[in-house]
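Listed below, chain by chain, are the residues.
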Amino acid sequence: MQHLKLYQKGKIVFLFFAVTAILTAACGRLAYLMIVQSDYYGKKAQALHERERSIKAARGKIVDRNGIVLADNRSVCTVSVIHSQIRDPERVIAELAELLELPEDTVRKRVEKVSSIERISSNVPKETGDAILARQLEGVKVDEDYRRYYPYDSLASKVIGFTGGDNQGIVGLEVRYDDWLSGKDGKILTMTNAYGQELEQEGERRQEPVTGNQLTISMDCNLQMYCEQAAQKVMLEKNADEVSVILMNPQNGEIFAMVNVPEYNLNEPFTLNVETASDLKESEKQDLLNQMWRNACINDTYEPGSTFKIVSTYAAALNEKGMTLATTYEDQPITYDNGAPVNNASGSFNGTTTIRTAIRNSVNTVAVQCFEDVTPELGLKYLDNFGFTTLAHGTEADTDANGNVYTDANLPTALGGLTYGVKNVELCAAYAAIANGGNYIKPVYYTKILDHNGNVLIENNSVGRSVIKETTAYLLTSALEDVVQNGTGTACQLDNMAVAGKTGTTDAYNDLWFVGYTPYYTCAVWSGYDGNQKIPEGDARNFHKTLWRKVMNRIHQGMEYKDFEVPDGIEQISICADTGLLPRVGCPVT
C-alpha cells in the first residue's frame, strides 16, 4: 500500500513538471511571437485585411532638342467595382452602362463577377470619371490614370512610335527606351473586414507614384516638320509610294530629322493611313498596320546604286592604294566574272578617264576596275568601318536553307549590287563620316535623359572613330563637289552654300537617291515604290534631287557661307583631263 502511494506521488510530481515545462515553453514561444516577431505577423495580419489598388505613374515626356514636347500624358480614369461593397447592383449596372457607353450585358458580367476587384473600363475621360464619382455609387472605384498623348499627331510618327492600353511602348522610341520612360506605379491601400467590406474609419493610405524619366531626342521639331511637309508634297505630286529624308549633324552624329512619308496619326495608331477594301481580313489589316508603323529608314534595306561607289571603292583607293583623283582607267566595255556586261548609264564609253571624272559623271566601268584593284575584300572591310551592318560576309548567317553561301566580296558591290542592300540611315552616316574629315560617328537619336526632378541621369556623348584620313576625306569631298557643280547632281546646287554629294539610281529604277552634305549638315533623300516597282520615266526620276535642294536651301537660310576646309597635306596641281598626267601643249587642263 505504501509502495502504491509513493508511485502515485511520483506520477503527480512528473506530471506537474511536465505541465510546467509545456506551459513555460508555450509562454516563451508566445513571448517570442509577441515581442520578437510582432512586426512580421502584424504585417501578415494587415495584408489579410488590406486591399490594394494601383495608381498609374505618368510616363516620362519625349521632347525635342529645344524642349518642345512631342509625347505627353493626359489624365484619364480607370473604373472598377468591388463586388462585396455593392449594395444596389441594378443601379450600378444601369448608371455605369449609361456613363461609360458600354453594353449593359458587358457591365453586368463584370459587376456580378465575384472577385476582390473587377475593372470595368480604362482610359475613361476625366470628365466621365468625375461624373461617376458624383453619383456616389457604392462599390464603384474611380482611380486616376494616364493616357499617352502626342500634340503633333503624325509628326515623326515612325520615329517616336506609340504606347498600348497599358501605357507600355509598342514601337519606335517609345519601346526602345521604355525602361527609362516608364514610371513606378503607386498604390491606394484600404482596410477591410472579414466580409471584404472597407472600414470607413480606417481611411485610405497612399503610396505616391513616381513619374518616368524625360527623354530628350536629337530631333529638331521645326526641321522635322518642314522636311515632312516637303516630302509629302513631292510624294503626292509624283505619285511615289514612299519618300524618306534623313538630316544629321556630321560633327556629332545627331539626327535632326528623320522622315518616312506617309506618316500616321500617333493618337489613332490603329487607323490605317491608306484606303482599303471593306472586306479586309483582320490578318490583312494587321499586316498593313505593321507596315504603316515600320520605320523604313532604320529597318528596311535598299540597293544604294552609285552612291555606294564612294564608300565601297574610292575611299579605299585614295586612302591606302596610292591612287589620286588623277589616276586613270580606260572607260571601255568590260564584264563581271560571270560574263555579264558592266554598262554605263550614258550607254557610251569615253576611253581614258580620271577617277575625278568617273565620280563626277558616275562612270560604272571605272568604278568596277578600281574596285578590282582595291580588292573586294579590302572594300568590304572599309564598308564595315563605315558602319554598314547588312553586308554579306560568306558566314553561316549568310547561308540559306539550301546551303547557298552569299558574300558581297565581289565586283557588283562597287556599284551597290548587294545581297541584302543597305539601310538609309547607315548610308547617310557613312557620308557624314566623309563630311566630318573621315571620322565616323554612329547616329545619335537622343541627347540626354532627365529624372522627374530635372536631374541629368544620362548624357549621350557621341564617340567617333577614324575610318579614312582627313586628306582622303577632302579629296572625296572635292570630287563630290564636282558632281554637284558639273556632273549628275547639278540640280542639287544651293543658293548660299558649298555642296558635295552623289546621285544613285538602281539599274531597274526601283530606287532613287541623293546623299550630300554642306559644311553644316548631311542629308540623304530616298524615294521608291512598294514591291520594287519601276519608277516611271521623265521628271519622276529627278524629283529626289529637287526635294534635297528644297530642304537644304530652307535649312541653310540665314547661315554664314562656308567652304569645305582644306586640311594640311593637300597639294593642288593642274593635270591633263585626258591623261591624268602633267599637261602638255593642247591638253585640256583641270
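Above this text is the structure in question.
Below, the structure is looked at part by part. (Residues numbered from 1 in each chain as written. Predicted model: local features only at pLDDT ≥ 70, side-chain atom pairs only at ≥ 80, totals over all residues. Heavy atoms only, no water.)

Let's shift gears to the environment of His-544. Within the secondary structure layout, His-544 lies in helix H18 (residues 543-555). His-544 has contacts with Leu-512, Trp-513, Phe-514 and Val-525, leaving out every residue within four places of it along the chain. Of note is the side chain of His-544, whose polar atom sits 3.3 Å from the backbone oxygen of Trp-513. (Helix = DSSP H or I, 4+ residues; strand = E, 2+ residues; numbered from the N terminus. Contact = heavy atoms within 4.5 Å. Polar contact = N/O pair within 3.5 Å; in protein donor to acceptor, adjacent residues only side chain to side chain.)

In this structure, Phe-308, Tyr-314, Ile-359, Phe-386, Phe-388, Ile-434 and Ile-468 are the most contacted members of the largest nonpolar core, which totals 94 residues. Considering every element that reaches this core, the biggest residue donor is helix H16 (residues 424-435), with 9 residues. Residues in contact with Ile-468, not counting those within four places in the same chain, are Ala-315, Asn-319, Tyr-382, Phe-386, Ile-434, Gly-437, Gly-438, Ala-473 and Leu-476. (Core = buried A, V, L, I, M, F, W, Y, C linked by side-chain atoms within 4.5 Å. Buried < 20%, exposed > 50% of the residue type's maximum accessible area, 1.4 Å probe, protein only.)

Of note, the bond from Val-261 into Pro-262 is cis; its omega dihedral lies within 30 degrees of zero at 5°. With respect to the secondary-structure elements, Pro-262 resides in the loop between strand E10 (255-261) and helix H10 (282-293). Positive phi is not limited to glycine here, since Gln-136 has a value of about 50°. Tracing the sequence through the fold places Gln-136 in the loop between helix H5 (126-134) and strand E5 (140-149). Overall, Gln-136 belongs to the exposed group, its relative accessible area being 66%. Non-glycine residue Ser-362 carries a positive phi angle of around 55°. Tracing the backbone through its elements, the reader meets Ser-362 in the loop between helix H13 (355-361) and helix H14 (364-374).

Its 12 residues place the ends of H16 17 Å apart at the C-alpha level, agreeing with the 16 Å of an ideal helix rising 1.5 Å per residue. Of all 12 residues in H16, 11 are buried, a share of seventy percent or more. When we look at burial in H16, the residues that qualify are Asn-424, Val-425, Glu-426, Leu-427, Cys-428, Ala-429, Ala-430, Tyr-431, Ala-432, Ala-433 and Ile-434. Phi for Gly-437, located one or two positions after H16, is positive at around 70°. (Expected span 1.5 Å × (residues − 1).)

With that settled, consider the packing of aromatic side chains. For the coordinates displayed, the defined rule picks out 10 aromatic pairs. With centroids separated by 5.7 Å and ring planes inclined at 65°, the aromatic side chains of Phe-256 and Tyr-521 adopt a geometry described as edge-to-face. Placement of Phe-256 in strand E10 and of Tyr-521 in the loop between strand E22 (511-517) and strand E23 (522-528) is noted, with a sequence separation of 265 residues between them. Classification of Phe-256 by relative accessible area gives buried; the value is 7%. Exposure remark for Tyr-521: the relative accessible area of 13% places this residue in the buried category. Measuring from ring centre to ring centre gives 5.3 Å for Phe-308 and Phe-388, while their planes differ by 75°; the resulting arrangement is edge-to-face. Here Phe-388 lies in the loop between helix H15 (376-385) and strand E16 (422-423) and Phe-308 lies in helix H12 (residues 308-320), a separation of 80 residues in the sequence. With relative accessibility at 0%, the residue Phe-308 sits in the buried group. By way of ring pairs, the aromatic residues Phe-162, Tyr-264, Phe-270 and Trp-293 are connected into one cluster. One residue, Arg-74, lies across the ring of Tyr-149, its end atom 3.7 Å from the ring centre. (Phe/Tyr/Trp six-rings, centres within 6.5 Å; stacked < 30°, edge-to-face > 60°. Lys NZ or Arg CZ within 6 Å of the ring centre and 35° of its normal.)

Okay, the pairing of strand E8 (residues 214-217) next. Here strand E2 (residues 62-63) runs beside E8; their pairing, made up of 2 bridges, is parallel. Paired with Val-63 across the two strands is Thr-216, which belongs to E8. Sheet topology places E8 next to strand E18 (residues 446-450); 4 bridges connect them, and they run antiparallel. Among the inter-strand pairings, Leu-215 is bridged to a residue of E18, identified as Ile-449. (Pairing = 2+ DSSP bridges.)

Before going further, it helps to spend a moment on the pattern of salt bridges. This structure, assessed with the given rule, holds 16 salt bridges. Put simply, Arg-91 and Glu-95 hold a salt bridge, and the shortest N to O gap is 3.0 Å. Highlighted residues: Arg-91 and Glu-95, both in helix H3 (residues 89-100), separated by 4 residues, approximately one helical turn. Residue classification places Arg-91 among the partly exposed residues on the basis of a relative accessible area of 35%. A salt bridge links Asp-130 to Lys-126; its shortest N-O distance comes to 3.4 Å. One end of the pair, Asp-130, and the other, Lys-126, are both in helix H5, 4 residues apart, so they sit about a helical turn from each other. For Asp-130, a relative accessible area of 38% puts it in the partly exposed group. The exposure class of Lys-126 is partly exposed, given its relative accessible area of 40%. (Salt bridge = Lys/Arg side-chain N within 4 Å of Asp/Glu carboxyl O.)

Function-wise, these values are silent; they only describe arrangement.
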